[in-house]
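Per-entry structural report
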2 protein chains.
Amino acid sequence: MEAASFTRLSSPRTAPFSVTNWIKHPIPNKTNLSFRNSRSAAICAISERSSGSNTEGLLDSKVETILDSVKWDSKGLAVAIAQNIDTGSILMQGFANKDALEKTILSRKATFYSRSRSSLWTKGETSMNFINVHDVFLDCDRDSIIYLGKPDGPTCHTGAETCYYTSVYDTLEGSKEGKEERLAKTTLYSLEATISKRKEETETLPNGKPSWTKKLLLDQELLCSKVREEAGELIQTLLDNEDKGRTASEMADLLYHSMVLLNLKDVSIEEVLEVLRKRFSQSGVEEKNSRKKN
Amino acid sequence: MEAASFTRLSSPRTAPFSVTNWIKHPIPNKTNLSFRNSRSAAICAISERSSGSNTEGLLDSKVETILDSVKWDSKGLAVAIAQNIDTGSILMQGFANKDALEKTILSRKATFYSRSRSSLWTKGETSMNFINVHDVFLDCDRDSIIYLGKPDGPTCHTGAETCYYTSVYDTLEGSKEGKEERLAKTTLYSLEATISKRKEETETLPNGKPSWTKKLLLDQELLCSKVREEAGELIQTLLDNEDKGRTASEMADLLYHSMVLLNLKDVSIEEVLEVLRKRFSQSGVEEKNSRKKN
């Protein structure tokens with residue numbers, strides 16, 4: 001079963017196993033689920049499929065070098081932050097020890113060290129909401145780690161998309177009692193949330209405060225003509241050699257109006273970015289290959 | 001001088017000082033720079049400008065409640081992650097103690113506790129590259145903090161935009177020696193970097209491997225017709241009630257082609273998002289007000 005899965009990912013004729021191929025073609029999920037908590041098991045899981053004779057040793061030593069380069073604290077830990085590769089949302093933060101980082105690197109599932117339970121835990125091992133790691137970054141001091149990945153579902157144990165939904169300034173404003181909690185969102189996703197809110201208002205408060213967004217949501221002809229117009233104005237800034245500020249402003253207009261259209265189609269920016277990643281990003285090589293084979 | 005700055009931000013006649021106003025109109029930068037390292041100084045710096053009699057007490061107790069709600073570890077610390085509010089980039093990670101979090105909340109400059117120097121430090125106090133905090137989030141366990149803000153310049157002491165520029169998988173691939181380091185970037189910014197790379201190649205390797213992006217970069221007429229065409233196709237998915245996947249795909253096309261145009265105009269996605277934030281986001285209220293007054 002595992003061999004069959006591997007064959008699908010990498011044909012031994014055209015792409016013999018190498019560290020590079022492994023990086024582009026991570027171990028299939030089923031292997032990850034039965035991944036045992038030891039360095040040698042992890043290395044064996046990969047080298048079993050290798051046609052090269054010294055891949056195990058090579059990989060072993062490279063991973064070891066990386067693990068040894070981390071500045072583990074007095075308890076053998078470093079901070080590990082899981083971030084959504086498409087949206088940039090910080091999903092959760094935990095700690096990693098050497099084994100947790102190694103397991104993450106080899107299994108591509110975000111894995112942490114639980115200080116309360118004194119054991120490794122892979123996010124998703126009970127909820128099945130794994131964080132599928134596309135890249136791992138170390139900071140300049142080598143004591144802080146980013147797991148850049150794609151979550152299978154909500155990350156927080158409360159069911160929230162991320163663990164960060166308590167705003168200090170909302171709490172200080174003191175007027176948020178009864179209001180729903182607000183996830184930490186960056187600009188694009190705050191705007192997306194605002195558009196969604198306006199959409200709800202057109203349904204629940206049709207006579208409420210008017211807004212341009214609501215007007216667009218209720219008038220498809222106007223919306224379509226605005227998207228077309230803003231695309232034209234963006235183009236014009238190039239043709240007329242207008243200043244940078246003008247281009248940024250027209251692109252902002254085009255993005256906003258397009259996002260209103262996305263809302264009407266119930267499409268999230270995250271879905272659009274996923275399409276872009278699969279088409280263009282370097283870490284999307286495996287997706288491209290798998291598309292060719294399907 | 002400080003009083004004058006404050007008057008610009010909030011007229012005492014029309015908007016008497018309140019915790020809410022303070023949240024929308026943070027203390028001007030000059031005050032922040034001379035911000036002293038003590039709780040009472042911070043509270044006084046705000047309440048001096050207050051026309052209400054018990055603002056100090058109210059604010060004091062609310063901030064205290066928040067600070068006490070954090071689950072500080074045995075050393076009195078919690079993880080603090082600084083994130084770019086527009087791009088979502090994780091800029092750096094440090095630790096905060098109670099004083100550091102309080103100073104961040106009140107001064108709106110990301111402040112940490114240095115474990116090596118056993119003292120507070122505000123990012124930017126020597127480099128002037130402050131991180132201007134728009135919001136602060138606590139996680140579900142209340143032991144991890146996000147400072148969501150806008151950096152004045154590069155965050156890393158090496159001059160890099162962020163501290164995360166060492167990819168574990170690049171290192172494992174082993175072929176990156178001599179190659180430049182690669183910042184941890186999410187999808188949109190990876191694509192932006194790829195487009196920039198293609199632009200460089202059109203200049204340094206004009207006869208190199210052809211690509212669609214290069215073709216667009218070298219042919220403005222083609223690029224403009226594609227942006228117009230993709231906007232039309234996005235609109236068509238709404239008018240023809242096509243499926244969600246089609247809309248996501250057309251939006252991805254529009255975004256990509258628009259980003260090629262942005263590259264030709266030397267405009268970054270971050271600049272576009274800054275425009276959007278100032279226009280639309282809830283935390284942009286102060287910018288809107290300041291625009292009205294200018």
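This write-up is about the structure you can find in this document. Bear in mind the structure is a predicted one, so any value in this text is a computation, not a measurement.

**Quick word on the overall build of chain A**
Scanning chain A for helices and strands turns up 13 helices and seven strands. Within chain A, residue pairs in contact and separated by at least 24 positions form 51% of the contacts whose partners lie at least 6 positions apart. Carbon together with sulfur atoms contributes 49% to the accessible area of chain A, which is approximately 13,400 Å² in total.

**Comments concerning the interface of chain B and chain A**
For an interface, size is often stated in terms of accessible area lost upon the parts coming together. Listed as interface residues are 99 residues of chain B and, on the opposing side, 99 residues of chain A. Here chain B and chain A share six salt bridges between them. Taken together, the links from chain B to chain A amount to 34 residue pairs in polar contact (both at pLDDT 80 or more). Broken down by element, the residue count for the side of chain B that touches chain A peaks at 14 residues, all from helix α11 (residues 244-264) of chain B.

**Quick notes on the sheet that holds strand β6 (residues 144-151) of chain B**
The strand order across the open sheet formed by five strands is β7(A)-β5(B)-β6(B)-β1(B)-β2(B), and the pairing between neighbours is mixed. Sheet topology places β7 (164-167) of chain A together with β2 (90-96) of chain B at the edges, where each strand pairs with a single neighbour. Each adjacent strand pair in this sheet contributes to an overall mean axis angle of 35°, direction not counted. Across six bridges, the pairing between strand β1 (residues 78-84) of chain B and β2 of chain B is antiparallel. The residue of β2 of chain B that forms the bridge with I81 of chain B is Q93 of chain B. This element, helix α6 (residues 98-107) of chain B, spans β2, β5 (131-139) and β6 of chain B of the sheet and lies at about 40° to β6 of chain B.

**Digging into the sheet that holds strand β6 (residues 144-151) of chain A**
Spatially, the five strands line up as an open sheet ordered β2(A)-β1(A)-β6(A)-β5(A)-β7(B), and their pairing is mixed. Across the chains shown, the open sheet's two edge strands, defined by having one partner strand only, are β2 (90-96) of chain A together with β7 (164-167) of chain B. Across this sheet, the average inter-strand angle for adjacent strands is 35°, counted without regard to direction.

**Focus: helix α11 (residues 244-264) of chain A**
Residues and elements named next belong to chain A. Between its terminal C-alpha atoms α11 stretches 31 Å, which fits the 30 Å expected from 21 residues at 1.5 Å a residue. Of all 21 residues in α11, 17 are buried; the element is thus mostly enclosed. Immediately beyond the C-terminal end of α11, within one or two residues, lies D266, with a positive phi of roughly 60°.

**Concerning the pattern of salt bridges**
Residues and elements named next belong to chain B. Applying the stated criterion across every chain yields a total of 36 salt bridges over all chains. A salt bridge links D68 to K98; its shortest N-O distance comes to 3.0 Å. Of this pair, D68 sits in helix α5 (residues 55-69) while K98 is found in helix α6, placing the two residues 30 residues apart along the sequence. Owing to a relative accessible area of 49%, D68 belongs among the partly exposed residues under this scheme. The partner of E229 in a salt bridge is K226, and the shortest N-O contact between them spans 3.1 Å. A residue pair is termed a helical-turn pair when its members lie 3 or 4 positions apart in one helix, as E229 and K226 do in helix α10 (residues 220-239) at three residues. Assessed through its relative accessible area of 35%, E229 is described here as partly exposed.

**Considering the pairing of β2 of chain A**
The two faces of the sheet receive side chains in turn, since in a regular strand these alternate between them. Here β2 of chain A lies mainly inside the structure; seven of its seven residues are buried. Turn length for the strand β1 (residues 78-84) of chain A-β2 of chain A hairpin, with the two strands adjacent in sequence and antiparallel, is five residues, and the turn residue G88 of chain A shows positive phi of about 85°.

**Topic: the side chain of R108 of chain A**
Counting through the fold element by element, R108 of chain A comes out in the loop between α6 (98-107) and β3 (111-114). Within the structure, the side chain of R108 of chain A is placed 3.1 Å from the backbone oxygen of H134 of chain A, a separation counted as a polar contact.

**Section: the packing of aromatic side chains**
Enumeration over the complete set of coordinates arrives at six aromatic pairs over all chains. Centroid distance Y256 of chain A to F280 of chain B: 4.7 Å. Interplanar angle 25°. Geometry classified as stacked. Taken as a pair, Y256 of chain A in helix α11 and F280 of chain B in helix α12 (residues 269-280) lie in two separate chains rather than in one. Seen from their ring centres, F112 of chain B and Y147 of chain B are 5.4 Å apart, and the 55° between their planes marks the pair as tilted. Within this pair, whereas F112 of chain B is found in strand β3 (residues 111-114), its partner Y147 of chain B is found in strand β6, the two being separated by 35 residues in sequence. Among the residues examined, Y147 of chain B registers a relative accessible area of 0% and is labelled buried. Cation over ring: R108 of chain A sits above Y169 of chain B, and NZ or CZ is 3.8 Å from the ring centre.

**Here we look at the side chain of H257 of chain A**
Residue and element names in this part refer to chain A. Considering the arrangement of structural elements, one finds H257 in helix α11. Taking relative accessible area as the criterion, H257 reaches 3% and is therefore assigned buried. Apart from residues no more than four positions distant in its own chain, H257 is found in contact with W212, L216, L223, K226, V227 and E230.

**A few points about the packing of helix α8 (residues 187-204) of chain B against α11 of chain B**
Residues and elements named next belong to chain B. At their nearest, the axes of α8 and α11 sit 10 Å apart, and the two run at 50° to each other. When the axes of α8 and α11 are compared, the pair comes out oblique. In the packing of α8 onto α11, the handedness of the crossing is right-handed. The residues of α11 that touch α8, namely those facing L188, L191, E192, I195, S196 and K199, are L255, Y256, M259, V260, N263 and L264.

The rules behind these values
Residues numbered from 1 in each chain as written. Chains lettered and ligands numbered in written order. Predicted model: local features only at pLDDT ≥ 70, side-chain atom pairs only at ≥ 80, totals over all residues. Heavy atoms only, no water. Helix = DSSP H or I, 4+ residues; strand = E, 2+ residues; numbered from the N terminus. Contact = heavy atoms within 4.5 Å. Areas by Shrake-Rupley, 256 points an atom, 1.4 Å probe, with all protein chains shown as cover. Salt bridge = Lys/Arg side-chain N within 4 Å of Asp/Glu carboxyl O. Polar contact = N/O pair within 3.5 Å; in protein donor to acceptor, adjacent residues only side chain to side chain. Pairing = 2+ DSSP bridges. Axes fitted to C-alpha atoms, helices over the stretch in contact; angles between N-to-C directions. Expected span 1.5 Å × (residues − 1). Buried < 20%, exposed > 50% of the residue type's maximum accessible area, 1.4 Å probe, protein only. Phe/Tyr/Trp six-rings, centres within 6.5 Å; stacked < 30°, edge-to-face > 60°. Lys NZ or Arg CZ within 6 Å of the ring centre and 35° of its normal. Parallel < 35°, antiparallel > 145°, perpendicular 65-115°, else oblique. Left-handed = near helix turned anticlockwise from the far one by under 90°.

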